[in-house]
Amino acid sequence: MAGRPAPPVTQQVGRARGCGQRPEPGELREAARCLVVDADGRSIPFKALYGEQKAVVVFVRHFLCYTCKEYVEDLAKVPKAFLQEANVRLVVIGQSSYHHIKPFCNLTGYTHEMYVDPQREIYKTLGMKRGEGNNVSVRSPHVKSNTLLGSIRSMWRAMTGPAFDFQGDPAQQGGALILGPGNEVHFLHLDKNRLDHVPINTVLQLAGVKTVNFTNKPQIIDI
């Protein structure tokens, strides 16, 4: 179910970097030159994802993280038609080997664009933090599992995978941006911990994309 589309955001909004500051021009230029890798091992510059078209870019912690899995499961519910209507790309970036992209997409049902930054160059350049901000009390609206059950499931996936690894640095935090076209930065949020996800509908609304009903409850439509 959809909500009403919002006009595109025209100013910086965010809760990260103290006051939601934009990346410095030099930081964005440096990040733009970094390479991301697709599911087939092909490398492209980061800027190719937003240079010609506005893009919502979500950086996840790692592909075994249960909170990331559940967040991406909800990203998968964003209809392609909503993105096409708004002329916006939806991109997820992880920090594992590219071999993990297809299994993670199959696991989450995610069919939009996904890449990896294996050396975490973009994560570092844009100031995404490592470690948990335990003094910050937040709760992602997209995470359904509790910490114990979610952690057990993550460990089980690691142990039963073809190679025992955490599919990325387990201490790395993620974030979300709205970028482009060109060097325009519309929105920046850097996660303080694994549950500090920006609500998906907030990002969609700021990007001018119709919002999504993530509950299973029917929406009431005003007539």
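Calculation rules
Residues numbered from 1 in each chain as written. Predicted model: local features only at pLDDT ≥ 70, side-chain atom pairs only at ≥ 80, totals over all residues. Heavy atoms only, no water. Helix = DSSP H or I, 4+ residues; strand = E, 2+ residues; numbered from the N terminus. Buried < 20%, exposed > 50% of the residue type's maximum accessible area, 1.4 Å probe, protein only. Areas by Shrake-Rupley, 256 points an atom, 1.4 Å probe, with all protein chains shown as cover. Salt bridge = Lys/Arg side-chain N within 4 Å of Asp/Glu carboxyl O. Pairing = 2+ DSSP bridges. Arc of directions from axis to C-beta. Polar contact = N/O pair within 3.5 Å; in protein donor to acceptor, adjacent residues only side chain to side chain. Core = buried A, V, L, I, M, F, W, Y, C linked by side-chain atoms within 4.5 Å. pLDDT = per-residue confidence, 0-100. Contact = heavy atoms within 4.5 Å. Disulfide = S-S within 2.5 Å.

Within the chain, the secondary structure is distributed over 7 helices and 7 strands. For the chain, the sequential pattern of α-helices and β-strands runs α-β-β-β-α-α-β-α-β-α-α-β-β-α. Evaluated residue by residue, the chain yields a buried proportion of 49% over its 223 residues. As presented, the chain carries roughly 11,100 Å² of accessible surface, and 54% of it is formed by carbon and sulfur atoms.

Let us now look at the pattern of salt bridges. What the rule picks out here adds up to 7 salt bridges. The salt bridge partner of Arg 42 is Asp 38, with a shortest N-O separation of 3.1 Å. Look at Asp 38 and you get buried, because its relative accessible area is 13%. Here Glu 73 ties to Lys 69 by a salt bridge, and the two come within 2.7 Å at their closest N and O atoms. Taken together, the residues Glu 73 and Lys 69, both in helix H2 (residues 66-75) and 4 residues apart, mark about one turn of the helix. Residue Lys 69 is classed as buried on the basis of its relative accessible area, which comes to 19%. Each member of the salt-bridge network shares a partner with another, and the members are Asp 38, Asp 40, Arg 42 and Lys 102.

What follows concerns the pairing of strand E6 (residues 175-179). Taken across its 5 residues, E6 has 5 buried, putting it largely inside the fold. Covered by surrounding structure in E6 are Gly 175, Leu 177 and Leu 179 together with Ala 176 and Ile 178, the residues of both alternating faces. For strand E3 (residues 54-59) and E6, the ladder comprises 5 bridges, and the chain directions are antiparallel. Bridging from a neighbouring strand, Val 57 pairs with Leu 177 of E6. Pairing analysis gives 5 bridges linking E6 to strand E7 (residues 185-190), with the strands arranged antiparallel. Among the inter-strand pairings, Ala 176 is bridged to a residue of E7, identified as His 189. Between E6 and E7, which pair antiparallel and follow one another directly, the connecting turn spans 5 residues, one of which, Gly 180, has a positive phi of 80°.

Among the residues of helix H1 (residues 25-33), Leu 28, Ala 31 and Ala 32 are the ones counted as buried. For H1, the angular spread of buried residues about the axis comes to 105°, placing them on one side.

A separate point is H2. Within H2, 9 of the 10 residues are buried, which leaves it mostly tucked inside the rest of the structure. Along H2, the residues that are buried comprise Tyr 66, Thr 67, Cys 68, Lys 69, Glu 70, Tyr 71, Val 72, Asp 74 and Leu 75.

Turning our eyes to something else, we now look at the side chain of His 186. Structurally, His 186 is set in strand E7. Polar contacts involving the side chain of His 186 include one to the main-chain carbonyl oxygen of Gly 180, which spans 2.7 Å.

Residues Val 56, Val 58, Val 72, Leu 75, Val 92, Tyr 110 and Met 114 are the most contacted members of the largest nonpolar core, which totals 35 residues. Those elements that place two or more of their residues in this core are E3, H2, helix H3 (80-86), strand E4 (88-94), helix H4 (101-108), strand E5 (113-116), E6 and helix H7 (200-206). If you look at the next biggest cluster of nonpolar residues, it comprises 23 residues, including Leu 49, Val 57, Val 91 and Ile 122.

Overall, the predicted model of the chain reaches an average pLDDT of 79, with 70% of residues at or above 70. Here residues 218-223 scores under 50 on pLDDT; set against residues more than four positions off or in separate chains, the count is 5 contacts.

Now for the environment of Ala 81. Examined against the element boundaries, Ala 81 turns out to sit in helix H3. Sequence-wise, Ala 81 and Val 209 are 128 residues apart; in three dimensions their C-alpha atoms are separated by 9.9 Å.

Moving on, we get to the state of the cysteines. Here the structure, examined in full by the defined rule, presents 0 disulfides. Free cysteine: Cys 68, not disulfide-bonded; nearest cysteine sulfur from Cys 65 at 3.3 Å.

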